[in-house]
Structure formats: structure tokens, C-alpha cells
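Descriptive structure summary
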Amino acid sequence: MGASGVGGVRKSDLLAREFQGRIAEGAWPAGSKLPSERELARAFSVGRAAVREALKVLQLAGDIETRLGEGSFVVEARRGADRGVELVAGQTIMEGLEARQALEIASGVLAMRRASRSDRLKIRAVIAEMEEALGGDDHQWYLSCTFDLHELIAKASHNEFLMRTTDEYVAPMRRDEWLLSVNYDPDVAARSLALHRGIVAALLDGDEGGFVRAVCEHYEDYPPLRHRGVEGAPVVPEG
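Residues numbered from 1 in each chain as written. Predicted model: local features only at pLDDT ≥ 70, side-chain atom pairs only at ≥ 80, totals over all residues. Heavy atoms only, no water.

1. Things to note about the packing of aromatic side chains
Stated precisely, the cut-off is as follows: Each pair of aromatic rings taken from Phe, Tyr and Trp, with Trp reduced to its six-membered ring, is defined by centres within 6.5 Å and is described as stacked if the planes are under 30 degrees apart, edge-to-face if over 60, and tilted in the remaining cases. Under the scheme applied here, a residue whose accessible area is under 20% of the maximum for its type counts as buried, over 50% as exposed, and between as partly exposed, the area being computed with a 1.4 Å probe on protein chains only. Helix and strand assignments come from DSSP, with helices taken as H or I runs of at least 4 residues and strands as E runs of at least 2, each series counted from the N terminus.
The tally for this structure, following the rule as stated, stands at 2 aromatic pairs. Aromatic side chains phenylalanine 19 and tryptophan 28 sit 5.5 Å apart centroid to centroid with 50 degrees between the ring planes, which places their arrangement in the tilted category. Considered together, phenylalanine 19 and tryptophan 28 belong to a single accessibility category, that of buried residues. Between phenylalanine 19 and phenylalanine 44 the ring centres are 5.3 Å apart and the planes differ by 70 degrees, which places this aromatic pair in the edge-to-face class. Highlighted residues: phenylalanine 19 in helix α1 (residues 11–25) and phenylalanine 44 in helix α2 (residues 37–44), separated in sequence by 25 residues. For phenylalanine 44, a relative accessible area of 22% corresponds to the partly exposed category. An aromatic cluster is present here, built from Phe19, Trp28 and Phe44 joined pairwise through their rings.

2. Here we look at the environment of threonine 66
Going by this rule: Two N or O atoms form a polar contact when they lie within 3.5 Å of each other; inside protein one atom must be a possible hydrogen donor and the other a possible acceptor, and for residues adjacent in sequence the pair counts only when both atoms belong to side chains.
Among the structural elements, threonine 66 can be located in strand β1 (residues 64–67). According to the relative accessible area criterion, threonine 66 is buried, its value standing at 11%. In terms of polar contacts, threonine 66 uses its side chain to reach the side chain of glutamine 59, at 3.4 Å. Within polar-contact distance, the side chain of threonine 66 engages the side chain of serine 72 at 3.2 Å.

3. Considering the nonpolar core
So the rule is basically this: Among the buried residues, those of types Ala, Val, Leu, Ile, Met, Phe, Trp, Tyr and Cys that are joined through side-chain atoms within 4.5 Å form a nonpolar core. Note on contacts: a residue pair qualifies if any of its non-hydrogen atoms lie within 4.5 Å across the two residues.
Counting residues in hydrophobic clusters, the biggest one holds 34 residues, and the most contacted among them are Ile123, Met130, Tyr142, Leu149, Ile153, Leu203 and Phe211. Those elements that provide at least two residues to this core are α4 (83–114), α5 (117–135), α6 (139–156), α7 (160–175), α9 (186–205) and α10 (208–220). Residues in contact with isoleucine 153, not counting those within four places in the same chain, are Glu104, Ser107, Gly108, Ala111, Ile123, Ile199, Leu203 and Phe211. Listed in part, the 17 residues of the second largest apolar core include Ile23, Ala54, Ile64 and Val74.

4. Re the pairing of β1
Note the following rule: Any two strands between which DSSP finds at least two bridges are classified as paired.
The alternating pattern of β1 places Ile64 and Thr66 on a buried face and Glu65 and Arg67 on a face that is not buried. Both β1 and strand β2 (residues 71–74) contribute to a ladder of 4 bridges, which runs antiparallel. Bridge pairing in β2 places glutamate 65 opposite phenylalanine 73. The hairpin formed by β1 and β2 contains 3 residues between the paired strands, and glycine 69 there has a positive phi angle of roughly 75 degrees.

5. Side note on the confidence of the model for the protein
Convention followed: Per-residue confidence from the predictor is given as pLDDT, running between 0 and 100.
Across the protein, the average pLDDT comes to 83, with 79% of residues at 70 or higher. Mean pLDDT per element in the protein: helix α8 (residues 177–181) is the minimum at 66, and α5 is the maximum at 97. Note that residues 227–239 has pLDDT below 50 and, in this model, 34 contacts with residues that lie over four places away or in other chains.

6. What to know about the pattern of salt bridges
Note the cut-off: We define a salt bridge as a side-chain nitrogen of Lys or Arg found within 4 Å of a carboxyl oxygen belonging to Asp or Glu.
Summed over all chains, the structure comprises 9 salt bridges. The partner of glutamate 37 in a salt bridge is arginine 52, and the shortest N-O contact between them spans 3.0 Å. Here glutamate 37 is found in helix α2, whereas its partner arginine 52 is found in helix α3 (residues 48–60), with 15 residues between them in sequence. The exposure class assigned to arginine 52 is partly exposed, which follows from its relative accessible area of 26%. Among the salt bridges present, the one from glutamate 208 reaches arginine 113, with a minimum N-O distance of 3.6 Å.

7. Quick word on the packing of α6 against α7
Rules: Lines fitted to C-alpha atoms define the axes here, with helix axes fitted over just the stretch in contact, and angles between the N-to-C directions of these axes take values from 0 to 180 degrees. Each angle gets one of four labels, with under 35 degrees taken as roughly parallel, over 145 as roughly antiparallel, 65 to 115 as roughly perpendicular, and the rest as oblique. By the convention adopted, Pro, Cys, Tyr, Trp, Phe, Met, Ile, Leu, Val and Ala count as nonpolar, Lys, Arg, Asp and Glu as charged, and the other residues, Gly among them, as polar.
Look at α6 against α7: their axes get within 9 Å of each other, and the N-to-C directions meet at 170 degrees. When the axis of α6 is compared with that of α7, the two are roughly antiparallel. Of the residues in α7, those in contact with Ser144, Phe147, Asp148, His150, Glu151, Ala154 and Lys155 of α6 are Leu162, Met163, Thr166, Asp167, Val170, Met173 and Arg174. Split into classes, the residues belonging to the contact of α6 with α7 amount to 6 nonpolar, 3 polar and 5 charged.

Spelled out as C-alpha cells, the structure:
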């Protein structure tokens, strides 16, 4: 995640606002290719990590798409879209992912030792519900189920702090699920389901190492931020 910038605001958030402003002003028109991460970092005197985070925010906000081996391109604004609102939602989502990763690892390790039979049945049931949602191409229902799953893992830890804090981080993402759902297509959805199945399988098997790897893969290779147009292609830093 990006380091703090002016007044405690993250550099990546400042960059995202600057980049979106250039798009709105027409300096980077729809269809145009953005400069590489290296070029943007040099032009704005920041590290490439901050640039990468800013581009992820813009991708979530629907301003750009990233194509494997080609770079990032400006897309036409969605009809009725409020770019300012979408940018804030994208920033909120990105800020929450890192914290959720740490919370989920802690919750899962405890859940392996403390989960009741009821906890395990509920976790299995929500995976089945996720499969049903995707079978009907209902991405909003699917996303709601993913949030349920992450909260159930926290509840299975039987640690009040982890449960409460997880709820606090998941709540804003539930509010912004409308933005996440528009970034889903069949490939993204299939990848997401595979990641969540891996998390649950490791948890129920008591495989701590496998669980940590699965959680890190989920949050660091977040499905809605995958490259467009290439099935199963991982997000690869460009430039």
C-alpha cells in the first residue's frame, strides 16, 4: 500500500485523484494508453508501488482497464456514473483489503482450533450458496455471500475483537459492492470462487500454511483487478 502523502493522505490516493482529473480534462482521452508505471513514477516523483495502487483504484472505479502485456487504457465512462463517487469507493475498497488480509489470517488460525461443528457447517453452506449464485449469474448475490463467508471465519475464531473488527472492515465493502459487481465477468467470478474454495478447504483441513497462502493469494491477486481479456491471467506489474 502507498505511503502517506500530504496531511496523512496516502500518496496512492492523491495520485488516483490526479490521474482521474487528467482523464476528466481530456488529457488522457478514452481509448488512450497511460504511460507505464515507471514513467508515471518518474513524472510524479513517487515510487512505483504508489502508482500501482493508484491504478488499481482507477480500475475499480471503472476509469481504466489493464490488458496483459499491453498496459493500462482509459475507458469510456459508464452511463450515469459519478466518477468522484466511484473513485472514493475504489479507495475505500483498496484500503480495506490489506487490513482484511491480516484479520483473516488471525481469525482463521484461531478458527482451526476453536470452530464448532455449527461453525463448520455454516462455512460449507455459504460456499454452496456462492456456487448457486454464480450458477444464476447473480454477481451481487455472490458478492454478498463472499462477505458472509469472511465474517463467518471471524465468528469461528470466537474472538470478540476479531469478529467486531472484521465486521467494521466488511461493512464499507458491502456498501460499495455495486462497484465491485460491475467488474465481474464469468472468468473473474470463476477465479474468485476457486480462491474462496481454497481458503475454506485449508481452514477445514487445519492446514495453517495452506490457509495463509490461500488468503494472501486472494487479497493480493484480487479477482476484480485481474487483467481483462485473458482467461486466468494474473495481474503482472507493467512497465
